[in-house]
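Single-letter residue listing:
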Amino acid sequence: MSKALIGKKIGMSEYFCEDGSIVPVTICELGPCVVVQKKTVEKDGYHSLKVGYMDQKIQRLNKSIAEDLKKRGIAPKQIFREIDAFDESLDNGSIISCSIFAENDLVEVTGVSKGKGFAGVVKRHGFRGGRGSRGSNFNRAPGSIGACAYPSEVWKGQKMPGRHGTKTITVKNLKIVKVFEDKNVVLISGAVPGTKNSIIVVKAKAN
Amino acid sequence: MNTMQTIEKEMMPVEKTRNFYVGDTVKVHYKIVEGNRERVQVYEGIVIAINNKGISKTFTVRKISFDIGVERVFPVFSPRIAKIEVTRKGKTRRAKLYFLRERTGKSTKLKEKRTTAGSSANSTPENNASSAEGNSSQPQSE
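Residues numbered from 1 in each chain as written. Chains lettered and ligands numbered in written order. Predicted model: local features only at pLDDT ≥ 70, side-chain atom pairs only at ≥ 80, totals over all residues. Heavy atoms only, no water.

Student: Just to check I follow, could you spell out the interface of chain B and chain A for this structure?
Tutor: Where interface size is given, it is often the accessible area lost as the parts come together that is meant. If you look at the interface, chain B gives 14 residues, while chain A gives 19 residues. Between chain B and chain A lies a buried interface of about 1,300 Å² when both sides are counted; carbon and sulfur atoms form 72% of it. Area buried by chain B at its contact with chain A is led by B:Met4, B:Ile7 and B:Met11, which between them contribute 38% of it. For the interface between chain B and chain A, the tally reads one salt bridge. B:Glu10 is the partner of A:Lys183 in a salt bridge, and the nearest nitrogen-oxygen pair spans 2.8 Å. (Contact = heavy atoms within 4.5 Å. Buried area = accessible area lost by both parts, 1.4 Å probe. Salt bridge = Lys/Arg side-chain N within 4 Å of Asp/Glu carboxyl O.)

Okay, here's the thing in structure tokens:
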């Protein structure tokens, strides 16, 4: 049951520690999120919270969501995610803000990584490639993929060129450096996946 | 102002707003930690560049040390900078004084800027410092 919150990546910056060392940080806007639905074991078979983030015009939502929110008396929201039911006191309509996180907390950040287009094996899978100079004709090619008499086929899952990026990935063990509660902003050390203004989910590290 | 700038501005120490310009000779009092002892080292030279990058803003100080040119880049907002003292104001028409790297001896000297009442009013450092506006009021050096 770890705390989590929906947010937005704002961009990267630097943070000066008191001793003068510099930490690269990502500025993230987190919440405030509103609990849209509290899922319970009795009703839904499992515990969780459906939370909404960022205001939206009601006419931009599809009817099933709009009517559902109306029934629950919750203002229209743009983004919905399901998170762990970390606090029993949270119920429909309650607001979660970034104050649930504190400095030095370890978190996992999930987001959609930047798209890299159609990439070769060196970029996509970290193949080493060949020598660039001295008459080398083997630069960034994947090399042999099926060998000779054995296996005389290309194995399933062989690493090949293809679309790279735009994948949901999670970066673990990032540290929260600072929390600006009034601005709904936290600074997370290191990089988080995605472009600027992309949606991320920040979750406290599971113990 | 977007969120990024707002947050960076919040983290900036107010007292560290710029009081020097490109071309000035400055003494940078820089704290150095040796083990658990802390001492202040003074580095003196000409500011040849100021790079505006929000809170990551830096300035480059060049000096000739034992006949070898040394350039050091300092982050303006670093807590390790105890003090920046301007010892001489240089007169320059450029934002980046990289041409000084090619020069040796007397030709590295810049003309001193006169900051008496008769000089151009809006470009004197005193005027800008007194406005106490921090980064936003200063001209962008491109």
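Once the structure has been displayed, the description carries forward.
Student: Help me understand the side chain of A:Ser189, please; the structure alone is not making it clear to me.
Tutor: Locating A:Ser189 in the fold gives a position in strand S11 (residues 185-189). Apart from residues lying up to four places away in sequence, A:Ser189 is in contact with A:Val23, A:Pro24, A:Val25, A:Leu174, A:Lys175 and A:Val177. (Helix = DSSP H or I, 4+ residues; strand = E, 2+ residues; numbered from the N terminus.)

Student: How should I be thinking about the pattern of salt bridges in this particular structure?
Tutor: For side chains bearing opposite charge, pairing can occur when the charged atoms are close. Summed over all chains, the structure comprises 11 salt bridges over all chains. A salt bridge links B:Glu71 to B:Arg62; the shortest N-O distance between them is 3.0 Å. A single network of salt bridges, built from pairs that share partners, joins A:Asp182, A:Lys183 and B:Glu10.

Student: Help me understand a positive patch on the surface in this model?
Tutor: All names here are of chain A. Taken together, the side chains of Lys114, Lys116, Lys123, Arg140 and Lys196 make up a positively charged region of the molecular surface. Mapped onto the elements of the fold, Lys114 is located in the loop between strand S7 (106-112) and strand S8 (117-119). Judged by its relative accessible area of 45%, Lys114 falls in the partly exposed class. (Patch = residues over 30% accessible without salt bridge, like charges linked within 9 Å, V, L, I, M, F, W, Y side chains within 5 Å. Areas by Shrake-Rupley, 256 points an atom, 1.4 Å probe, with all protein chains shown as cover. Lys, Arg positive; Asp, Glu negative; His and termini not counted. Charge placed at Lys NZ, Arg CZ, Asp CG, Glu CD. Buried < 20%, exposed > 50% of the residue type's maximum accessible area, 1.4 Å probe, protein only.)

Student: Help me out: how do you make sense of the nonpolar core in this one?
Tutor: One recurring pattern in soluble globular proteins: nonpolar side chains tend to sit buried together. Residues A:Leu187, B:Phe59 and B:Phe74 are the most contacted members of the largest nonpolar core, which totals 35 residues. Per-element accounting of this core gives the leading share, five residues, to strand S2 (residues 37-51) of chain B. Here B:Phe59 is in contact with B:Phe20, B:Val28, B:Val47, B:Ala49, B:Ile50, B:Arg72, B:Val73, B:Phe74, B:Val76, B:Ile81 and B:Ile84, once residues within four sequence places are set aside. Of all hydrophobic cores here, the second largest spans 31 residues; its members include A:Ile6, A:Ile79, A:Phe101 and A:Leu174. (Core = buried A, V, L, I, M, F, W, Y, C linked by side-chain atoms within 4.5 Å.)

Student: Is there a simple way to think about the environment of A:Met1 in this case?
Tutor: Residues and elements named next belong to chain A. Within the secondary structure, Met1 sits in the segment before strand S1 (4-16). Assessed through its relative accessible area of 68%, Met1 is described here as exposed. Here the alpha-carbon distance between Met1 and Gly11, two residues 10 residues apart in the chain, equals 29 Å.

Student: What am I meant to see in the sheet that holds S11(A) here?
Tutor: Strands pair in a sheet through their backbones, by hydrogen bonds, and they do so in one of two ways: parallel or antiparallel. Residue and element names in this part refer to chain A. Taken together, six strands build a closed barrel; the order of strands is S1-S2-S11-S10-S7-S12 and the barrel is antiparallel. When strand polarity is set aside, the average angle formed by the axes of neighbouring strands in this sheet is 50 degrees. Sheet topology note: the strand S2 (residues 22-30)/S11 ladder contains five bridges and is antiparallel. Looking at the pairing, Glu29 lines up with Val185 of S11. (Pairing = 2+ DSSP bridges. Axes fitted to C-alpha atoms, helices over the stretch in contact; angles between N-to-C directions.)

Student: For this particular structure, what's the right way to read the sheet that holds strand S4 (residues 48-55) of chain A?
Tutor: Residue and element names in this part refer to chain A. The antiparallel open sheet is built from four strands, whose spatial order is S5-S4-S3-S6. Edge positions in the open sheet fall to strand S5 (77-83) and strand S6 (95-96), since each of these has one partner strand only. One ladder, built from two bridges, connects strand S3 (residues 33-39) with S6; its direction is antiparallel. Note on S6: the bridge partner recorded for Val34 is Ile95.

Student: Would you take a moment to explain unusual backbone geometry for this structure?
Tutor: Peptide bonds are mostly trans, and most non-glycine residues show a negative phi. All names here are of chain A. Cis rather than trans, the peptide bond between Gly31 and Pro32 has omega equal to -5 degrees. Tracing the chain through its elements places Pro32 in the loop between S2 and S3. In this chain, Tyr150 is followed by Pro151 through a cis amide linkage whose omega measures 0 degrees. Although it is not a glycine, Met54 sits at a positive phi angle of roughly 70 degrees. Mapped onto the elements, Met54 comes out in strand S4. Judged by relative accessible area, Met54 falls into the partly exposed class, the value being 22%. In this structure, Ser152 is a non-glycine residue whose phi angle is positive, near 50 degrees. Its place among the elements puts Ser152 in the loop between helix H3 (121-125) and strand S9 (162-164).

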